[in-house]
Each structure stands twice: as C-alpha cells, then as structure tokens.
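Structural characterization, general
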Amino acid sequence: MASTNDPEQDPAPRPKRRTFPAEYKLRIVAEYDAAPNGEKGAILRRERLYHSHIIEWRAARDAGAMATLVDKRTSPARPKKAAEQAELERLRKKVARLEAEAARKDAALELMGKANALLELLSESAD
C-alpha cells in the first residue's frame, strides 16, 4: 500500500508518538500481510516496529479486540532502562575501572621501591 500525502487516500498516517490508533494498526497489518517476504522487513524498519507487534495486532484483529489492545512503547524483549539507572551503572563501571588502575599503579610503585632498595644494596656492596 503506497503512502500518499492526501489524507483521504491515507486515513491512518504514522503517528508521531509511539501510541497507535486501531486504524493505523489495521492498515499496517494489511500492508504487511500483502507484502512479499522480501519487503516485510522494510515495512517493519520504515514504521519502526517489531515482528511481535504485527503478530499481536493480527491476533487482536482476528479476535475483534483491536480496541482493547494496549500499545507497546518498546520492544517486548528489550525494555529500556530508566535514565538514572543507566547513568548509575555507567558510573559504577567507571569507579571499578579507576580502582583497578590505581591498584596497578600501587603495585608498580611497590616494585619500583624494591628495585631502588636493591640498587642501594648493590651500590653499598660495590663500595
């Protein structure tokens, strides 16, 4: 189904938000079902949908329950993390990386101290 700029030809344009009216869902399911296999992925990418959306919308259409279907805002398999939680996780990783770097530097300083002590002993014994 080709999309046009005429609102009468295309009564259910893609919504700007991630909530979808039933008319839009029906149009996308019909377009997806009519498309050959090679073009189905292009439809999903263009509409920024997942295959699970199509399966769920098709089942709701067949059951006559499009109005009761709840919109998904993210992939059912990969929900988005809250921004604060993601930032906290990033900071924890940074702290762990810095602690590991500090431990390596402490170990290097300890080895340098032992090497200096050995050099002093060798220089004293050579005198």
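Small disclaimer: the values here were computed from a predicted structure and weren't measured.

1. With respect to the overall build of the protein chain
A count of helices and strands for the protein chain gives four helices and zero strands. The linear arrangement of helices and strands in the protein chain, starting from the amino end, is α-α-α-α. Residues counted as buried form 19% of the 127 residues belonging to the protein chain. Contacts in the protein chain between residues at least 24 apart in sequence constitute 49% of all its contacts with a sequence separation of at least 6. Surface summary for the protein chain: the accessible area is close to 9900 Å², and the carbon and sulfur share equals 58%.

2. Observations regarding the packing of aromatic side chains
With the rule as written, the count across this model stands at one aromatic pair. Judged by centre distance (6.3 Å) and plane angle (75°), the rings of Tyr-24 and Trp-57 are edge-to-face. Taken together, the positions of Tyr-24 in helix 1 (residues 22-34) and Trp-57 in helix 3 (residues 51-63) put the pair 33 residues apart, joining distant regions of the chain. Accessibility classification places Tyr-24 together with Trp-57 in one group, the buried group. Taking NZ or CZ as reference, Lys-40 lies 5.0 Å from the ring centre of Tyr-32, over its face.

3. Regarding helix 1
Helix length check: helix 1, at 13 residues, gives a terminal C-alpha distance of 18 Å against a target of 18 Å (1.5 Å per residue), a fit within 8%. Buried within helix 1 are the following residues: Tyr-24, Lys-25, Arg-27, Ile-28, Val-29, Glu-31 and Tyr-32. Packing partners of the buried residues in helix 1 comprise helix 2 (37-47) and helix 3.

4. Brief notes about the side chain of Glu-47
Its location among the elements puts Glu-47 in helix 2. There is a polar contact of 2.9 Å between the side chain of Glu-47 and the side chain of Arg-46.

5. Considering unusual backbone geometry
With phi around 55°, Arg-48 is a residue other than glycine that occupies positive phi space. Mapped onto the secondary structure, Arg-48 falls in the loop between helix 2 and helix 3.

6. What to know about the confidence of the model for the protein chain
With 72% of its residues at a pLDDT of 70 or more, the protein chain has an overall mean of 78. Here helix 3 is the element of the protein chain with the lowest mean pLDDT, 83, and helix 4 (residues 83-126) is the one with the highest, 91. Segment residues 73-77: pLDDT under 50, and eight contacts once partners within four positions in sequence are set aside and those in other chains are kept.

7. Quick notes on the packing of helix 1 against helix 2
Pairs of packed helices are described in terms of their axes, by the angle between the two and the distance that separates them. Packing of helix 1 against helix 2 brings their axes to within 9 Å, and their N-to-C directions diverge by 155°. With respect to helix 2, the element helix 1 is oriented roughly antiparallel. For the element pair helix 1 and helix 2, the recorded crossing hand is right-handed. On helix 2, the residues touching Tyr-24, Arg-27, Ile-28, Glu-31, Tyr-32 and Asp-33 of helix 1 are Lys-40, Ile-43, Leu-44, Arg-46 and Glu-47.

Parameters and conventions
Residues numbered from 1 in each chain as written. Predicted model: local features only at pLDDT ≥ 70, side-chain atom pairs only at ≥ 80, totals over all residues. Heavy atoms only, no water. Helix = DSSP H or I, 4+ residues; strand = E, 2+ residues; numbered from the N terminus. Buried < 20%, exposed > 50% of the residue type's maximum accessible area, 1.4 Å probe, protein only. Contact = heavy atoms within 4.5 Å. Areas by Shrake-Rupley, 256 points an atom, 1.4 Å probe, with all protein chains shown as cover. Phe/Tyr/Trp six-rings, centres within 6.5 Å; stacked < 30°, edge-to-face > 60°. Lys NZ or Arg CZ within 6 Å of the ring centre and 35° of its normal. Expected span 1.5 Å × (residues − 1). Polar contact = N/O pair within 3.5 Å; in protein donor to acceptor, adjacent residues only side chain to side chain. pLDDT = per-residue confidence, 0-100. Axes fitted to C-alpha atoms, helices over the stretch in contact; angles between N-to-C directions. Parallel < 35°, antiparallel > 145°, perpendicular 65-115°, else oblique. Left-handed = near helix turned anticlockwise from the far one by under 90°.

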